[in-house]
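Tertiary structure, described
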Amino acid sequence: TQLLEQSPQFLSIQEGENLTVYCNSSSVFSSLQWYRQEPGEGPVLLVTVVTGGEVKKLKRLTFQFGDARKDSSLHITAAQPGDTGLYLCAGARGENYGGSQGNLIFGKGTKLSVKP
Amino acid sequence: NAGVTQTPKFRVLKTGQSMTLLCAQDMNHEYMYWYRQDPGMGLRLIHYSVGEGTTAKGEVPDGYNVSRLKKQNFLLGLESAAPSQTSVYFCASFNVWTTKYNEQFFGPGTRLTVL
């Protein structure tokens, strides 16, 4: 069962455009993370959001956690070719202290291509 | 600091052959994970370990075994490879003492093809 739905699956835009990627679920998460994965490499953590309504900024990237902690969005302003990659959201239902509640559940990802 | 390393990077097996994938981390992390990544399926957890000598099943454990004899190493074994195990395998680790949100460090992956 896929608990985290990401949309869109694919996105191809021109340099300088803005975009938003969504991560939705019917389940509540204690925290949600966004990773970026480049071809031939492993995912790299971008940000973790933990509080409902929380907004975090990382240069041109803005991450938001929904008020009910069931969804999140990633907005990129003035996209650049270096933003190209697979963006993955991952949620944890609980905290990780020896049990499985803290294990991450990954969305299928959004493949972003930014053309110069 | 090498972070998380995986050996080998690529491997081709024939159906029925066995192999072991090695994951090593030099960050003294307690928790380690094995995932597989397939097109359109995202990352799925195979097995994980919360410390030396412990292992547990994840979402898709069938056909795989793991061992964590040393804290820094987590081995993933395929006893009798099947074409359905063709995938990219990622290892990840996490420092439970510095964060409670399971922020994972990933290795570069092993691309496995089973013919």
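So, here's what we can say about the structure. (Residues numbered from 1 in each chain as written. Chains lettered and ligands numbered in written order. Predicted model: local features only at pLDDT ≥ 70, side-chain atom pairs only at ≥ 80, totals over all residues. Heavy atoms only, no water.)

1. Observations regarding the side chain of aspartate 83 of chain A
Residues and elements named next belong to chain A. In this fold, aspartate 83 is placed in the loop between strand 8 (71-76) and strand 9 (85-92). Take aspartate 83: its relative accessible area is 4%, and that puts it in the buried class. Engagement of the side chain of aspartate 83 in a polar contact is seen with the side chain of arginine 60, the distance being 2.9 Å. When residues no more than four places from it in sequence are discounted, the contact partners of aspartate 83 are Arg36, Arg60, Ile76, Leu112 and Val114. (Helix = DSSP H or I, 4+ residues; strand = E, 2+ residues; numbered from the N terminus. Buried < 20%, exposed > 50% of the residue type's maximum accessible area, 1.4 Å probe, protein only. Polar contact = N/O pair within 3.5 Å; in protein donor to acceptor, adjacent residues only side chain to side chain. Contact = heavy atoms within 4.5 Å.)

2. Remarks on the pattern of salt bridges
All names here are of chain B. On inspection of all chains with the given rule, the structure shows five salt bridges over all chains. Here aspartate 38 and arginine 36 are joined by a salt bridge, their closest N and O atoms 2.9 Å apart. Each of Arg36, Asp38 and Arg44 takes part in salt bridges that share partners, so that together they form one network. (Salt bridge = Lys/Arg side-chain N within 4 Å of Asp/Glu carboxyl O.)

3. Here's the deal with the interface of chain B and chain A
In this assembly, 22 residues from chain B lie in contact with 26 residues from chain A. Counting the surface lost from both chain B and chain A, the interface buries some 1900 Å², and carbon and sulfur atoms represent 53% of this. On inspection of chain B and its partner chain A, the count reaches zero salt bridges. In this structure, the connection of chain B to chain A is made through five residue pairs in polar contact (both at pLDDT 80 or more). Looking at the side of chain B that touches chain A, the elements that each hand over two or more residues are strand 4 (31-38), strand 5 (42-49) and strand 9 (87-94) of chain B. Classifying every residue of the side of chain B that touches chain A by side-chain character gives 14 nonpolar, six polar and two charged. (Buried area = accessible area lost by both parts, 1.4 Å probe. Nonpolar A, V, L, I, M, F, W, Y, C, P; charged D, E, K, R; others polar.)

4. Re the sheet that holds strand 8 (residues 73-78) of chain B
All names here are of chain B. Taking strand neighbours across the sheet as the criterion, the four strands line up as 1-3-8-7 in an open arrangement whose pairing is antiparallel. The sheet is open, and its two edges are formed by strand 1 (4-7) and strand 7 (65-67), each paired on a single side. Strand-to-strand twist of the sheet, defined as the mean angle between neighbouring strand axes without regard to direction, takes the value 20°. When strand 1 meets strand 3 (residues 19-25), the two strands line up antiparallel, connected through four bridges. Counterpart to threonine 5 in the pairing with strand 3 is alanine 24. (Pairing = 2+ DSSP bridges. Axes fitted to C-alpha atoms, helices over the stretch in contact; angles between N-to-C directions.)

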